[in-house]
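Examining the three-dimensional arrangement
As a plain string of letters, each chain reads:
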Amino acid sequence: MTESLFSEDRIPPALYATHAGIWIAFANGDVRSLDRTAALNLLQKNPVIVLNTPMMASRLKIPEISALDILELFAFVYPACFTVPTPRGLAKFLDIPLPTDEVSTAVSLHHITAQLLKTVTNPKWQQKEGAWDSATALARHQWNWSHFLSQYLIKPRHPERWLFSRLAEWEESAPKPPARPVILSVEDSDASLSTILGQKAEIRTEQRRYTQNVSQIFRPRLVEEEPHFLLAQAGTGIGKTLGYLAPATKWAEQSGGTVWISTYTKALQKQLGRESERIFPDDKSYKKNVVVRKGRENYLCLLNLEEALQGNFRYRSAILAHLIARWAAYTRDGDMIGGDLPGWLISLFRRNGALSLTDRRGECIYAACPHFRRCFIEHAVRATDNASLVIANHALVMLLASRSGPEGNGLERLIFDEGHHLFEAADATFSFAFTGRESSELRRWLTGAEGRSRRRRGFAEMASYDEQVALSVELLKEAARILPSDSWLTRLSENKPRGVIEKLFHAIRDMVYARAASASKASGYGIEAEIFEPDGEVIAAAHESKIAIHSILEPLISLGKRLEQLLHETPDWLTNPIRGKIESLINGLENREDLLSSWLTLLERLSAQADPRFIDWLAVDRIEGREYDIGIHRHWLDPTEPLAEHVFKPSHGLLVTSATLGVNNTQSPSQSDLETEAKSIKADWTEAERRSGARYLNSPLLHFQAQSPFDYTSSAEIFIVNDIPKNNIAALSNGYVRLLEASEGGALGLFSSIQRLRGVYTRIADHLARQGLSLYAQHVDPMDTGTLVDIFRDDPQASLLGTDALRDGIDVPGNSLRLVVMEGLPWPRPTVAHAARRMAYGGRHYDDQIIRAKLAQGFGRLIRRQGDKGAFVLLSSAVPSRLLNAFPEGIKINRLPLDIAVERIKAQCRIKHD
């Protein structure tokens, strides 16, 4: 069947490239090895099948290639379906033989292509609806696959429904009544856990203890602003996810309330969504009770998509828009970032094109949008109102809680998983800045009324109805022109600032470069300067900038008041659609008023005394020596203070949980002297209470601690390699390549510097490939982190290099991860904020706590399930013994040279393979 569908006379050759070589496979089964020059000539002269064009371009060391990318075809045939984007992953998905070497891999690209094209002829193809119209539109944009698809797709007998008419509409429903007061008994919690686990599941004592402790946060609150607050450090393998889901779902069922579960990483958010499926008997029940929520910028904006499909996108961006439209018809929730849109699809195109399909600029027009009733975001918001469990992230929870509104008021029961990240999440949420990029963005929002986007006609349309609005709009647009315009950064680099605010950023740039240390300037990354006796030019420019911002603020406030007045006056022309537009404009104006007020606060700081609660500094943000922003920044010295005020105190019950909260017992919890035990545990929790913000509450705190059930003494070993010179990239690369060879892949390499990561990768990737060991890397391979982890998890002989995003929050159990290598001690980056906090919170002790947490999180990637085995390697010649209590008690720690470490790891792998 495959041969007749995809015959030799019309099938192009397939190109497959790795660090080890390049192969071309022809339709007749002939496979040849090519050099790079021959491969490039072939790509220029013929249509060629490849898998992942950006990756192939990277392997061929050219900027980009044009080819028949199998991943694009897969996205068309199977929208909203997951596959690992490798020949092996696609073969698994399509249930065809897996390739075993480079030659069979090149051949498999033909088999995969044939199977995908065969699918579109199948009458039972589930994603058939909309395919004909989508393929026709893609052909108009000269999509590479259009010619081949046209030979297999059958034109439907009846016209297909347009995408926007196929999407379901949300319906209004009555507000959910307040949660009833409920007290969960121990029996209730145990029964709920047993039901979720199933009758044949292993009974874990510590998991049941954990569940019983968590049930305490669901008791009725006794005193306002004093929630029941549990800090729970539960080691890896306890089963804490189901441990807190059990009482949460039972309480929601009995009380009719909603529990918000918050994570730090999208990976865990996605994992929690899958775990929650175990609780409910069918998909309908799951959708009714569980909602995965993210910020607005994660979801596809249907209005942006419509404008893209109607001509706002061109060339490759237009193709991306149509493939995303295919996905939009089948997606579960419209989540483009970490949802069921494959992360690799965006990486095949220019990322900015995909990002512009979300609402990243706060331009939503809400009820005025023609797609409002089908909006994915509005679906999620309304589903949240009646859900039992809402799986969100720390940033969104903090944002909603700090705003007045129905959602913020509904955050009464909160579970923070990955609780060790609360400090960082609060630091980002409760900070603000006045920068060139932000001010340029505001200018576009205020003056872009006549732009092509229909959402930017709002001011002009309102002005046509009312003279006072028209006057305020003109004053506002005129005042906004003082803000930096496009190419402001280029003008500053050429010493040609235009306008008072650009002069301010130019003066800030000069001051930062003048005061920054030589090492930070040479690094190519961001440079900072404390706000201490600013230059006269900065002070003068700040004074003029305050006047300019006030000139914007006054007509902005006036416009907002007039629009509110019109809503009350209800003139004849005020139809429901226009009312919706006015309400969206008022919302946008209020947000910009808050933004301008925060900028004025920062400008005042330049000529005022420092507030001890805050850390203020000036910065020039750079990536690899390229400047991308300049401005003034303010962070809380302790960001958990506003976290406690805005999030914790209004709630009724809270759980903050993690395997690494920073608790470190010095005495056994089984001691007989209960008074001594209580004092000991209280002392041990001090750091966890400080980093989480719990110390700002007046209510008594609850604590729970359980060690991991894994026998680390027999399943893992730690090697501190002490003969690799610091800052020697050649020696570091030698260490990595020998260790990865010894483990035969299955290694996760963690770096604190992107430059060192790239330096090591460049030196070792080709050598490992020739040994049959694939190597992938963040900041090198043109794929998102989630996709890289998927590829790593799927191939036991692959290794992955990365930075902080891989140190925690990823789950790769089993043989795919058997070695973790850290390039050295993860010292905190020397920023102005870190220096201030170090001084305030104990100097070296503060640094040590951060390093211990990072070491514990890195080690925590290694053993994820019973039966996992592996080694943790730290490449550092001098590791202070005081930091080693970051690792599990009793685990064997060896200080030894690289040669011996390599032999020991080889022996471990031989035992494992045997």
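In this text, all values refer to a predicted model and were calculated from it rather than measured experimentally.

**A word on the packing of helix H7 (residues 131–140) against helix H16 (residues 315–328)**
Here H7 crosses H16 at 175 degrees, and the two axes come no closer than 10 Å. By the angle between their axes, H7 is roughly antiparallel relative to H16. Contact with H7, carried on its side by Ala131, Ser134, Ala137 and Leu138, involves Ile319, His322, Leu323 and Arg326 of H16 and no other residues of that element. By residue class, the composition of the contact of H7 with H16 is 5 nonpolar, 2 polar and 1 charged.

**Description of the pattern of salt bridges**
Taken as a whole, this structure holds 48 salt bridges when the rule is applied. Where Glu624 meets Arg758, a salt bridge forms, and the shortest distance between an N and an O atom there is 1.6 Å. Placement of Glu624 in the loop between strand S13 (614–623) and strand S14 (626–636) and of Arg758 in helix H36 (residues 754–770) is noted, with a sequence separation of 134 residues between them. For Asp790, the salt bridge is made with Arg793, and the minimal N-O distance between the two is 3.1 Å. You can see Asp790 and its partner Arg793 sitting in helix H37 (residues 785–794), 3 residues apart, about one turn around the helix.

**Comments concerning the layout of surface pockets**
The calculated volume of the second largest pocket comes to roughly 770 Å³. Tyr16, Thr105, Ser774, Tyr776 and Asp795 are the residues nearest the centre of the second largest pocket, which is lined by 33 residues in total. For the lining of the second largest pocket, the secondary-structure elements that each account for two or more residues are strand S1 (14–18), helix H3 (53–60), helix H5 (87–94), helix H6 (102–119), H36, strand S19 (775–777) and H37.

**Some remarks on the packing of aromatic side chains**
Taken as a whole, this structure holds 25 aromatic pairs when the rule is applied. An aromatic cluster is built from Phe710, Tyr712, Phe859, Phe872 and Phe887, whose rings are joined through pairwise contacts. Sitting above the plane of the Phe76 ring, Arg326 keeps its charged end 4.7 Å from the centroid. Between Arg373 and the ring centre of Trp170, over which it is positioned, the NZ or CZ distance is 4.5 Å.

**Re the pairing of strand S7 (residues 259–263)**
Counting buried positions over the 5 residues of S7 gives 5, a clear majority of the element. Side-chain alternation along S7 places Val259, Ile261 and Thr263 on one buried face and Trp260 and Ser262 on a second face that is also buried. Pairing analysis gives 5 bridges linking S7 to strand S9 (residues 389–393), with the strands arranged parallel. Bridge pairing in S9 places Thr263 opposite Asn393. Pairing of S7 with strand S10 (residues 413–416), which is carried by 3 bridges, proceeds in the parallel orientation. Counted as the bridge partner of Ser262 is Phe416 from S10.

**Description of the sheet that holds S13**
The strand order across the open sheet built from 4 strands is S11-S14-S13-S12, with neighbouring strands paired in antiparallel fashion. The sheet is open, and its two borders are formed by strand S11 (432–435) and strand S12 (527–530), each paired with just one other strand. In this sheet, neighbouring strand axes are inclined to one another by 25 degrees on average, regardless of whether the strands run parallel or antiparallel. Bridging between S13 and S14 involves 10 bridges; their strand directions are antiparallel. In the strand pairing of S14, Asp616 is matched with Arg634.

**Comments concerning H37**
Note on helix geometry: an α-helix contains 3.6 residues per turn, so any two residues three or four positions apart are oriented the same way. Most of H37 is tucked away, with 7 of its 10 residues classed as buried. Close packing links the buried residues of H37 with H5, helix H17 (343–347), strand S18 (747–750), S19, strand S20 (799–802) and helix H38 (804–807).

**Let's talk about the confidence of the model for the protein**
In this model, the protein carries an average pLDDT of 89, and 94% of its residues clear a pLDDT of 70 or more. Ignoring residues within four places in sequence, the model shows residues 666–683, a span with pLDDT below 50, making 9 contacts including any to other chains.

**As for the sheet that holds strand S22 (residues 870–875)**
The strands that make up a sheet are held in pairs by hydrogen bonds between backbone atoms, and each pair lies either parallel or antiparallel. Strand order in the open sheet formed by 7 strands is S19-S20-S18-S21-S22-S17-S23, with parallel pairing between adjacent strands. Where the open sheet ends on each side, the last strands, each with one partner, are S19 and strand S23 (893–896). With direction set aside, neighbouring strand axes in the sheet form an average angle of 15 degrees. Here S18 pairs with strand S21 (residues 819–822) via 4 bridges, running parallel. Residue pairing for S21: Gly749 is matched across the bridge by Val821. Across the sheet, H36 touches S19 and S20, and the angle it forms with S19 is around 160 degrees. Each of strand S17 (716–721), S18, S21 and S22 is contacted by helix H40 (residues 844–859), which is oriented at about 145 degrees to S22, the strand it contacts most.

**Concerning the pairing of strand S3 (residues 31–34)**
Bridge count between strand S2 (residues 21–25) and S3: 4 bridges; the pairing is antiparallel. Among the inter-strand pairings, Ala25 is bridged to a residue of S3, identified as Val31. A loop of 5 residues connects S2 with S3, the two strands running antiparallel in sequence, and Gly29 in this loop sits at a positive phi of about 95 degrees.

**Points about the environment of Thr803**
The residue Thr803 is located in the loop between S20 and H38 in this model. Distance in space between the C-alpha atoms of Thr803 and Ser753 is 7.3 Å, their sequence separation being 50 residues. In this structure Thr803 touches Leu750, Phe751, Ile754, Leu757, Gln778 and His779, once residues within four positions along its chain are discounted. A distance of 3.3 Å separates the side chain of Thr803 from the side chain of His779, its partner in a polar contact.

**Brief notes about the nonpolar core**
Nonpolar side chains in soluble globular proteins generally cluster together in the buried interior. Judged by nonpolar contacts, the single largest core of 72 residues is most densely connected at Ile70, Phe76, Leu116, Leu300, Leu305, Met336 and Leu345. The biggest single contributor to this core is H16, with 9 residues. Sequence-distant contacts of Met336, defined by excluding residues within four places in its chain, comprise Asn298, Tyr299, Leu300, Ile324, Trp327, Leu341, Ile346, Ala354, Leu357 and Thr358. Among the nonpolar cores identified, the runner-up in size contains 55 residues, and Met462, Ala516, Leu559 and Val620 belong to it.

Thresholds, definitions, all that
Residues numbered from 1 in each chain as written. Predicted model: local features only at pLDDT ≥ 70, side-chain atom pairs only at ≥ 80, totals over all residues. Heavy atoms only, no water. Axes fitted to C-alpha atoms, helices over the stretch in contact; angles between N-to-C directions. Helix = DSSP H or I, 4+ residues; strand = E, 2+ residues; numbered from the N terminus. Parallel < 35°, antiparallel > 145°, perpendicular 65-115°, else oblique. Contact = heavy atoms within 4.5 Å. Nonpolar A, V, L, I, M, F, W, Y, C, P; charged D, E, K, R; others polar. Salt bridge = Lys/Arg side-chain N within 4 Å of Asp/Glu carboxyl O. 1 Å grid on protein atoms, 1.4 Å probe; cavity = no way out; pocket = protein on both sides within 12 Å on 5 of 7 lines; lining within 4 Å. Points joined across faces, edges and corners; volume = space filled by probe spheres on them. Phe/Tyr/Trp six-rings, centres within 6.5 Å; stacked < 30°, edge-to-face > 60°. Lys NZ or Arg CZ within 6 Å of the ring centre and 35° of its normal. Buried < 20%, exposed > 50% of the residue type's maximum accessible area, 1.4 Å probe, protein only. Pairing = 2+ DSSP bridges. pLDDT = per-residue confidence, 0-100. Polar contact = N/O pair within 3.5 Å; in protein donor to acceptor, adjacent residues only side chain to side chain. Core = buried A, V, L, I, M, F, W, Y, C linked by side-chain atoms within 4.5 Å.

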